[in-house]
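Residue-level listing of the chains:
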Amino acid sequence: MAGSTSKETHFYSASQVRTGFYLVTILYTLIFSFLPVPSVEITSEVFTSKPQPARHRMVYALLKGEMEAQGGIHALQLRTKTPEEEGRISNNTSTNTTPS
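Everything numeric here is computed off the predicted structure, so don't read it as measured data. (Residues numbered from 1 in each chain as written. Predicted model: local features only at pLDDT ≥ 70, side-chain atom pairs only at ≥ 80, totals over all residues. Heavy atoms only, no water.)

### A look at the overall build of the protein chain
Consideration 1: Counting its secondary structure elements, the protein chain contains four helices and two strands.
Consideration 2: Reading the protein chain from its N end, one meets helices and strands in the order α-β-α-α-β-α.
Consideration 3: Per-residue burial over the protein chain gives 10% buried out of 100 residues.
Consideration 4: Nonlocal contacts in the protein chain, meaning residues at least 24 apart in sequence, comprise 67% of its contacts between residues at least 6 apart.
Consideration 5: Carbon together with sulfur atoms contributes 60% to the accessible area of the protein chain, which is approximately 8,600 Å² in total. (Helix = DSSP H or I, 4+ residues; strand = E, 2+ residues; numbered from the N terminus. Buried < 20%, exposed > 50% of the residue type's maximum accessible area, 1.4 Å probe, protein only. Contact = heavy atoms within 4.5 Å. Areas by Shrake-Rupley, 256 points an atom, 1.4 Å probe, with all protein chains shown as cover.)

Encoded structure:
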């Protein structure tokens, strides 16, 4: 019929939905992997005897307002360590360098 509109309903199988989800996830990862992500390295004694996830939660709690704000931080790469860990890292770096 001339001038009629089709009201087709499209159904997608579960495998099509999963495939679409994975493709979107891959595209998202590729796009955002090229954007700069702020990187913060924090050395503090308050991290002593705390596992890495707990350390990160402490930092995120401090930055909660900035992370929730419109246009605020959307991603953050954290490196948290104690002064003792910092010392071990710098000692390993200095002993692993080869003279030229």
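Let's pick the thread back up.
### What about the pattern of salt bridges?
Consideration 1: In this structure the tally under the stated criterion is four salt bridges.
Consideration 2: Between Lys81 and Glu41 there is a salt bridge, with its nearest N and O atoms 2.6 Å apart. Taken together, the positions of Lys81 in strand β2 (residues 77-81) and Glu41 in strand β1 (residues 39-43) put the pair 40 residues apart, joining distant regions of the chain.
Consideration 3: For Lys81, a relative accessible area of 9% translates into the label buried.
Consideration 4: Judged by its relative accessible area of 49%, Glu41 is partly exposed.
Consideration 5: Salt-bridge contacts for Glu86 lead to Lys81; the nearest nitrogen and oxygen are separated by 3.4 Å.
Consideration 6: Here the residues in one salt-bridge network are Glu41, Lys81 and Glu86, joined through shared partners. (Salt bridge = Lys/Arg side-chain N within 4 Å of Asp/Glu carboxyl O.)

Just distances and angles here, no functional claims.
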